[in-house]
Amino acid sequence: METYECTICGYIYNPAVGDPEHGIAPGTKWEDIPEDWVCPLCGVGKEDFSKQ
């Protein structure tokens with residue numbers, strides 16, 4: 001699975017890990033994350049992430 005990096009703070013979203021603390025289960029693909037999800041570290045939206 002591809003990872004995605006926040007271009008603001010460097011947080012890496014790894015689909016294998018997800019973001020369970022914010023309701024994103026492990027195994028959740030990037031395209032399946034709700035559009036209103038934000039970076040857990042700096043709070044920016046999905047538009048500020050780039051594919052790694």
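Residues numbered from 1 in each chain as written. Predicted model: local features only at pLDDT ≥ 70, side-chain atom pairs only at ≥ 80, totals over all residues. Heavy atoms only, no water.

Asker: Explain the overall build of the chain here, please?
Answerer: Along the chain, the regular secondary structure elements total zero helices and three strands. Listed N to C, the secondary structure of the chain is β-β-β in terms of helices and strands. A globule of 52 residues ought to have a C-alpha radius of gyration of about 10 Å, and the chain, at 10 Å, matches this closely. Across its three principal directions, the C-alpha atoms of the chain cover 25 × 20 × 15 Å. Out of the 52 residues in the chain, the part that is buried amounts to 33%. (Helix = DSSP H or I, 4+ residues; strand = E, 2+ residues; numbered from the N terminus. Rg over C-alpha atoms; globule rule 2.2 N^0.38 Å. Buried < 20%, exposed > 50% of the residue type's maximum accessible area, 1.4 Å probe, protein only.)

Asker: Please explain the packing of aromatic side chains as it appears in this structure.
Answerer: Here the distance between the centres and the angle between the planes together describe a pair of aromatic rings. By the definition in use, this model includes seven aromatic pairs. Lys46 extends its terminal NZ or CZ atom over the ring of Trp30, reaching a point 5.1 Å from the ring centre. (Phe/Tyr/Trp six-rings, centres within 6.5 Å; stacked < 30°, edge-to-face > 60°. Lys NZ or Arg CZ within 6 Å of the ring centre and 35° of its normal.)

Asker: Looking at this structure, I do not really get the nonpolar core. What am I missing?
Answerer: Membership of the largest hydrophobic core is limited to 11 residues, which are Tyr4, Cys6, Tyr11, Tyr13, Ile24, Trp30, Ile33, Trp37, Cys39, Val44 and Phe49. Ignoring anything within four residues of it in the chain, the contact list for Ile33 reads Tyr13, Ile24, Thr28 and Lys46. (Core = buried A, V, L, I, M, F, W, Y, C linked by side-chain atoms within 4.5 Å. Contact = heavy atoms within 4.5 Å.)

Asker: In this structure, what is going on with the state of the cysteines? I would like to understand it.
Answerer: Disulfide: a covalent bond connecting the sulfur atoms of a pair of cysteines. As enumerated under the stated definition, the model contains zero disulfides in all. Its sulfur unpaired, Cys9 is 3.7 Å from the next cysteine sulfur, which belongs to Cys39. Residue classification places Cys9 among the partly exposed residues on the basis of a relative accessible area of 36%. Cys42 forms no disulfide, and the closest cysteine sulfur to it belongs to Cys6, at a distance of 3.7 Å. You can call Cys42 partly exposed: its relative accessible area is 33%. (Disulfide = S-S within 2.5 Å.)

Everything listed here is a matter of coordinates, which is why it stays silent on function.
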